[in-house]
Amino acid sequence: MTTTIPTGLTVDGRHHDLDVDPRTTLLDALREQLGNTSPKKGCDHGQCGACTVLVDGRRVLACLTLAVAKDGAEITTADGLAPDGELHPVAEAFLVHDAYQCGFCTPGQVCSAVGVLDEAARGGPSAVTDDLTGPTVLDRAEIAERMSGNLCRCAAYTNIVSAVESVVTDR
Amino acid sequence: MTVLDARVMGTSVRRVEGPDKVTGTARYAADQPVDAPLHLHPVQATVARGRVTGLDTAPARAVPGVVGNLTPDDAPRLADVGDPELVVLQDHEVHHRGQYVAAVLAETPEVAREAAGLVVVTYEDLPQTTAFDEHSPERHPAAVLANYAPPTSEIGDPDAALDAAAVTVRATYSTPVQHHSPMEPHTTIAAWDDDGAEHVVLYESSQGVAGARDTVAALFGLGEDDVEVASPHVGGGFGTKGALHAGTVLTVLAARTVPGRAVKRALSRREMFETVGHRPATVQHLALGASADGRLDAFTHDVVSSTARMEEFGEPTATGTRAMYAAPHRRTSHQLVPLDVDPPTYMRAPGEAPGSFGLECAMDELAVELGIDPIELRVRNEPEVHPESGVPFSTRNLVACLRRGAERFGWSSRPAEPRARLVDGWWHGTGVAAAMFPAIRFPGSTAVIRFRHGRYEVEIGATDIGQGARTVLTQIAADALGVPVDRIAVAIGDTALPQGTVAGGSSGTASWGSTITEAADRFRDKWGDDPEEGAEADAATPDNPWAGELSMAAYGAQFAEVAVHADTGEIRVPRLLGVYAAGRILNPTLARSQFLGGMVWGLSMALHEQSIVDPRFGHVINHDLAGYHIAAHADVREMEAEWIEEYDPYVNPMGSKGIGEIGIVGTAAAIANAAYHATGARVRSLPLDLFG
């Protein structure tokens, strides 16, 4: 078999020691080796966002990330955003606003939205931010812009933006 | 016919599988836990037409971790089921670029991919045609259309009437090849028994488990009971997962060679542009002739569309036109041009989506020519009965949709002249189009209702592809049995359940819901409302006594506001409104999601979608989601869908019409008409390019 490299990953709060093919993406390591199928493989090219997870708190495309490069990292999938039996406020908002249909892109959308909220809280601008000096206001246009890396072919976009907006408003 | 009282129907019950979907724990085909699966990677043809003359798999087999390979010389034999697309690795002929010519099985996906790349294939390269040209010498009348409507209809003398008409519009519209591109690629996990029994189990991303089972059984010469298919969750289908494609057959073939081990294969995004079908290109010649007061004397809608040489598919582009407007003289026709490509297939609103672009843009052009408001023009041509079959409509509220939409959209303040509103460097305009989609019920489902542990178990092999079948069938069952939803447990998506028809043609809720209602009637007749443990009843889909007596369809009106950048020509859609008349709306929240999703498809079709084929090599150049653009978050601005109160007692016991497809119908035309109104420039091909 191919040479493998020892890699340690903490996924949804649990540590795992793995031997991975250096070509193995973080997405395939999660799905095929750890059986964590929450992040989905929609394109394997970094073009759809379905595999979005949080790596040390930042949103990352797991299909464009090599597992060996994340040795020691803390990975959070949509399944690990809240303790078992509970839902993260963003996930709950998706239910309330019917922000999904087939559900395949949904775990990525949820992780991406959690990342967006954090990025905005830290004052990060986007391509549609007019005022780069003041605090970031996540209105619908800002949310849509920042979520545009997450495609949804069912096109639940209107409801996804409403779901994220509701979490912003509740904060 | 039973008519159900609505208690739970009409309320916004949340999706029953919601928590699983938002956490990612809902298991799609590729998520199913199987022990030590093997991974398959295909070798695909690099010519569009030809013959494989040599295949050297030795370099692949030398890679550590490779378990086996498949070629046309050693692959298990398949029965001829009359579908050339499913004849996988049975001969050396190549019918389209990307066709499977070999495959490698390995312990890991990385090794399978590496090894597949090492297989050396040589070809005899034969002349091919992959560029669509409506003037092709191979053009011929369609023998069959995909919806089985007659390919041609003609009433009166349309050509003479057009020549004699006071006002005439003649124009040609075109739509490109489009790909469904569900977020979940087609996926198969297949495992054959290792005890010598001819028995295979599949997890398949399919819109219909029964059809998938029947196809696999026929190909491999198995009985119905020897094939099991499960599709508990499906990541979108839009038509491409209605019937099986070659990738599934390849995986089942490969698994046949390793009984006892599961073989797992999700298509790559690139394969999604090569082996799972597409919406064919259309060129539509429209002619409308009207009196000066805007009454249509005649129209013709003559279509040429692309198809595959290996298997014909007649896109029913102009059949929707037959239902739309009154006119004494009329013709629709369909011709096909065969290409050396993989076969086209059903894609969300097949026929109606491209056909409504042609017809509804032409109606807009006629309105401009006549100096009549485009809504008023449509109202003046509203038929009393179906204009071709002559049968009455069960319900038809197109005019009500147009009127309500006009009111909500603020149509009365619209400038009559185009190019009237420039705001901050953007030309703004508005447009409208009408929409129609047939109300279909397929026969052939069976539902079982069983009372156990205080709940009613409702079993039917239906599929939830995101439309919300699990939830809406729960609501229907609750009302049919007269109990709250928490006493209903619906099971779908598995051939272990009674047979269900495909999730397609916006037919699912009508077909499965009618069947469940019938089973519930029998259950209550037999057991009353206080059943004993284990009480059970079943029923097949009842016939609709009104079929053929009445014309049954949903109608709608699409409104769009478009902004066109004065310097760059960039087009944005700041506002979309759809108003529908689709019978009883069974779950308002889920219905709104369906309508909005369809409308975004129309937006995406208008602005982005186009598969560009390289005529030299026969492949789609933009074969991924960076090249084939579908609408993203930032494309979608203010959007709303609403519906008028409509109850249709003739369509089914729920009084509902299918809503999965009508959202896309007419939407691209409304956007194109708005782009004309914004700029004064008429664009007749999709995607819209004002400098094209």
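Given the structure is predicted, the values throughout are model-derived calculations rather than measurements.

Draft legend 1. Just the overall build of chain A, in detail. Looking only at helices and strands, chain A has five helices and five strands in total. Taken from N to C terminus, the helices and strands of chain A fall in the order β-β-α-β-β-β-α-α-α-α. Taken against the 2.2 N^0.38 rule, which gives 16 Å for 171 residues, the C-alpha radius of gyration of chain A at 16 Å falls within 12% of a compact globule. Its C-alpha atoms give chain A principal-axis dimensions of about 50 × 35 × 30 Å. Burial analysis of chain A (171 residues in total) assigns 53% to the buried set. Counting only contacts in chain A whose residues sit at least 6 apart along the sequence, the fraction spanning at least 24 positions is 57%.

Draft legend 2. Local environment of the overall build of chain B. Scanning chain B for helices and strands turns up 14 helices and 25 strands. Here chain B has a C-alpha radius of gyration of 26 Å; the compact-globule value for 692 residues is 26 Å, and the two agree. Projected onto the principal axes, the alpha-carbon positions of chain B cover approximately 75 × 70 × 50 Å. Taken over 692 residues, chain B has a buried fraction of 61%. The long-range share in chain B, meaning contacts at least 24 apart out of those at least 6 apart in sequence, stands at 83%.

Draft legend 3. Main features of the interface of chain B and chain A. Tallying the contact residues gives 50 residues for chain B and 50 residues for chain A. At the level of elements, helix H1 (18-23), helix H3 (109-116) and helix H13 (588-607) of chain B are the ones that each hand at least two residues to the side of chain B that touches chain A. Here the side of chain B that touches chain A takes seven residues from H13(B), the largest share from any one element. Tallied by class, the residues present in the side of chain B that touches chain A amount to 26 nonpolar, 16 polar and eight charged.

Draft legend 4. The arrangement of the pairing of strand E12 (residues 227-230) of chain B in detail. All names here are of chain B. With four bridges joining them, strand E11 (residues 200-204) and E12 adopt parallel strand pairing. Opposite tyrosine 203, over in E12, you have alanine 230 as the bridge partner. Between the parallel pair E11 and E12, the chain is carried across by helix H5 (residues 209-220), and the sense of this crossover is right-handed.

Draft legend 5. Up close: the environment of Cys51(A). Residues and elements named next belong to chain A. Within the secondary structure, cysteine 51 is located in the loop between helix H1 (26-33) and strand E3 (52-55). With 30 C-beta atoms packed within 10 Å, cysteine 51 lands in the buried category. Spatially, the C-alpha atom of cysteine 51 lies 8.3 Å from that of serine 38, the residues being 13 residues apart in sequence. Not counting residues within four places of it along the chain, the set of residues in contact with cysteine 51 comprises Leu27, Pro39, Lys40, Lys41, Leu61, Ala62, Cys63 and Gly108.

Draft legend 6. Representation of the sheet that holds strand E21 (residues 488-491) of chain B. Residue and element names in this part refer to chain B. With mixed pairing, the four strands of this open sheet are ordered in space as E21-E20-E19-E22. The sheet terminates laterally at E21 and strand E22 (536-540), the two strands that pair on one side only. Pairwise comparison of adjacent strand axes, ignoring direction, gives a mean angle of 15° for this sheet. Bridge analysis of strand E19 (residues 446-452) against strand E20 (residues 455-459) gives five bridges, and the strand direction is antiparallel. In the strand pairing of E20, isoleucine 449 is matched with valine 458. Sheet strands in contact with helix H12 (residues 508-527) are E19, E20 and E22, and its direction is about 140° off that of E22.

Draft legend 7. Just H12(B), in detail. Counted at 1.5 Å a residue, the expected span for H12(B) with its 20 residues is 28 Å, and the 28 Å between its end C-alpha atoms agrees. In the stretch just after H12(B), Gly528(B) is the one whose phi turns positive, near 70°.

Draft legend 8. Structural detail: the confidence of the model for chain B. In the predicted model, chain B carries a mean pLDDT of 97, and 100% of its residues have values of at least 70. Per the prediction output, this complex has pTM 0.98; the corresponding ipTM is 0.98.

Draft legend 9. View of H5(B). Residue and element names in this part refer to chain B. Between its first and last C-alpha atoms H5 spans 17 Å; for 12 residues at 1.5 Å apiece the expected length is 16 Å, and the two agree. The buried fraction of H5 amounts to nine of the 12 residues, a majority that puts the element mostly inside the structure. For H5, the set of buried residues is Val209, Ala210, Gly211, Ala212, Arg213, Thr215, Val216, Leu219 and Phe220. Where H5 is buried, its residues contact E11, E12 and helix H6 (246-256). Glycine 221 sits one or two positions beyond H5 and adopts a positive phi of about 65°.

Thresholds, definitions, all that
Residues numbered from 1 in each chain as written. Chains lettered and ligands numbered in written order. Predicted model: local features only at pLDDT ≥ 70, side-chain atom pairs only at ≥ 80, totals over all residues. Helix = DSSP H or I, 4+ residues; strand = E, 2+ residues; numbered from the N terminus. Rg over C-alpha atoms; globule rule 2.2 N^0.38 Å. Buried ≥ 20, exposed ≤ 12 C-beta atoms within 10 Å, placed from the backbone. Contact = placed C-beta atoms within 7 Å. Nonpolar A, V, L, I, M, F, W, Y, C, P; charged D, E, K, R; others polar. Pairing = 2+ DSSP bridges. Right-handed = clockwise from strand over helix to strand, strands pointing away. Axes fitted to C-alpha atoms, helices over the stretch in contact; angles between N-to-C directions. Expected span 1.5 Å × (residues − 1). pLDDT = per-residue confidence, 0-100.

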